[in-house]
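# Inside the fold
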Amino acid sequence: MTEEKYQELVKLVEEQGTLTPPKELYGHYGDWNAMVTLARLLTSFGLDYPQEAVLLFREAVAVPFADFPQDVSEDEYVDLMAWALRDLSSLERKLGEYELSLAHIERAIEMANSRKVRYQWTLRGNLVYHKLLTLCALGRTAEADAIAESMVKPQKQDSCAYYGYLFQARQSAAQENPAAVRDFMVKAVNSMDNADVVLQCRTELEQVDITKLDAQSVFDRMNRLLPDVYHEVVWENEIN
């Protein structure tokens, strides 16, 4: 992407977005963090420019570790790159570019699993969840269901269990089974770390009257009740 085109996109964000963050976050052509921030802004806060965002993300994920600033550790690089790859994959899935979406999310998973650390931005289970969505888009639903089942072994508490159950809830919604949606949502919440948050959220989920809603509405309503999993999901098991 040329600097001229980049600055056009910066101007677009400034003029059309409902939220304009400090320009130093996205206004420096050639800066990696600015590039991915601009890409994310192009599909948020009232903007919908996925093709332009994809172009920025594809340039960003091609940058090797050697070209990052020296104060960025390899763990930080993996974290940031996996996050960018996930967002790129999600956009490609929405645009119908399913094979590219799958390739990029698989690369993100491989990178995240290459290092046994706690990342700031990336949850391994969330990456796999996005892979499952792409597999479904490709018509490989049985494969996705099998992977999700392997993520939710009894007594397992980590981000993989959480997102495995969340995917099963989503599948139950597609199968028009509201009772199963609720059961899997409760199991997902039970995979979180904070006991107080689990109790409160589980109570809220169980209060949803599933007899008056279709399965997809049950999923949507319960999904909005879920807390910030990036702070509440158990970490320990997923870095062993």
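In short, a report on the structure. Since this is a predicted model, take the numbers as computed values, not measurements.

### Looking at the pattern of salt bridges
Applying the stated rule across the entire model yields twelve salt bridges. For R115, the salt bridge goes to E74, with nearest N and O atoms at 3.5 Å. Placement of the pair is R115 in the loop between helix 5 (98-113) and helix 6 (124-137) and E74 in helix 4 (residues 74-94), with a sequence separation of 41 residues. Where R86 meets D87, a salt bridge forms, and the shortest distance between an N and an O atom there is 2.7 Å. Connected through shared salt-bridge partners, R40, R86 and D87 make up one network.

### Observations regarding the nonpolar core
Counting residues in hydrophobic clusters, the biggest one holds 76 residues, and the most contacted among them are W32, L38 and M185. A per-element tally of this core places helix 4 first, with ten residues. Once you skip the residues sitting within four places of it in the chain, M185 turns out to touch L166, A169, L205, F219, M222, N223 and L226.

### What to know about the packing of aromatic side chains
In this description, a pair of aromatic rings is defined by centroid distance and the angle of the planes. For the coordinates displayed, the defined rule picks out seven aromatic pairs. Taking the centre distance of 5.5 Å and the plane angle of 70° together, the rings of Y6 and Y29 count as edge-to-face. Note that Y6 is positioned in helix 1 (residues 3-16) and Y29 in the loop between helix 1 and helix 2 (32-41), a separation of 23 residues in sequence. With a relative accessible area of 2%, Y6 lands in the buried category. For Y29, a relative accessible area of 38% gives the class partly exposed. Arranged with centres 4.8 Å apart and planes meeting at 10°, the rings of W83 and W121 form a pair that is stacked. Of the two residues, W83 is situated in helix 4 and W121 in the loop between helix 5 and helix 6; the sequence distance between them amounts to 38 residues. Residue class for W121 comes out partly exposed when judged on its relative accessible area of 37%. Among the aromatic residues, ring-to-ring pairing joins W32, F65, F68 and Y77 into one connected group. For the cation-ring pair, R40 lies above W83, with the distance from its terminal atom to the ring centre recorded as 3.6 Å.

### A look at the packing of helix 7 (residues 141-151) against helix 8 (residues 159-174)
Contact geometry for helix 7 and helix 8: axes closest at 8 Å, N-to-C directions at 140°. Between helix 7 and helix 8, the interaxial angle falls into the category oblique. As helix 7 packs across helix 8, the resulting crossing turns out to be left-handed. Mapping the contact onto sequence places T141, A144, D145, A148, E149 and M151 in helix 7 and C160, A161, Y163, G164, F167, Q168 and Q171 in helix 8. Taken together, the residues of the contact of helix 7 with helix 8 sort by class into seven nonpolar, four polar and two charged.

### A word on helix 3 (residues 50-61)
Taking 1.5 Å per residue, twelve residues should reach 16 Å; helix 3 reaches 16 Å between its end C-alpha atoms and fits that length. Along helix 3, the positions that sit buried rather than exposed are P50, A53, V54, L56, F57, A60 and V61. Projection of helix 3 onto a plane perpendicular to its axis shows the buried side chains occupying an angular sector of 165°, all on one side. Where the residues of helix 3 are buried, they touch helix 1, helix 2, helix 4 and helix 5.

What counts as what
- Residue positions are given per chain, counting from 1 as you read along its sequence in written order.
- For this predicted model, a pLDDT threshold of at least 70 governs which residues receive local features, and a threshold of 80 or more governs which side-chain atom pairs are given and counted, while totals over whole chains, interfaces and linings are taken from all residues.
- Each side-chain value is derived from all of the structure's non-hydrogen atoms; neither hydrogens nor water enter the calculation.
- Salt bridges are identified by distance alone: a Lys or Arg side-chain nitrogen within 4 Å of an Asp or Glu carboxyl oxygen.
- Each helix is a run of H or I in the DSSP string that is no shorter than four residues. Each strand is a run of E no shorter than two, and both are numbered from the N terminus.
- What we call a nonpolar core is a set of buried Ala, Val, Leu, Ile, Met, Phe, Trp, Tyr and Cys residues that are connected through their side-chain atoms within 4.5 Å.
- Only protein chains enter the calculation, and the probe is 1.4 Å; a residue is then buried if its accessible area is under 20% of its type maximum, exposed if over 50%, and partly exposed in between.
- Any pair of residues with heavy atoms lying within 4.5 Å of one another is described as a contacting pair.
- Each pair of aromatic rings taken from Phe, Tyr and Trp, with Trp reduced to its six-membered ring, is defined by centres within 6.5 Å and is described as stacked if the planes are under 30 degrees apart, edge-to-face if over 60, and tilted in the remaining cases.
- Note on criteria: charge over ring means Lys NZ or Arg CZ within 6 Å of the ring centre, with the direction from the centre no more than 35 degrees off the ring normal.
- An axis is simply a line fitted to the C-alpha atoms; with a helix, the fit covers only the stretch in contact. Between two such axes, the angle follows the N-to-C directions and lies from 0 to 180 degrees.
- Note that the term roughly parallel is reserved for angles under 35 degrees, roughly antiparallel for angles over 145, roughly perpendicular for angles of 65 to 115, and oblique for everything else.
- The handedness criterion is simple: a crossing whose near helix is rotated anticlockwise from the far helix by less than a right angle is left-handed, and one whose near helix is rotated clockwise is right-handed.
- The nonpolar class holds Ala, Val, Leu, Ile, Met, Phe, Trp, Tyr, Cys and Pro. Asp, Glu, Lys and Arg form the charged class, and all remaining residues, Gly among them, are polar.
- How far a helix is expected to stretch is found by multiplying one less than its residue total by 1.5 Å.
- Note that the arc is defined by the directions from the helix axis to the C-beta atoms.

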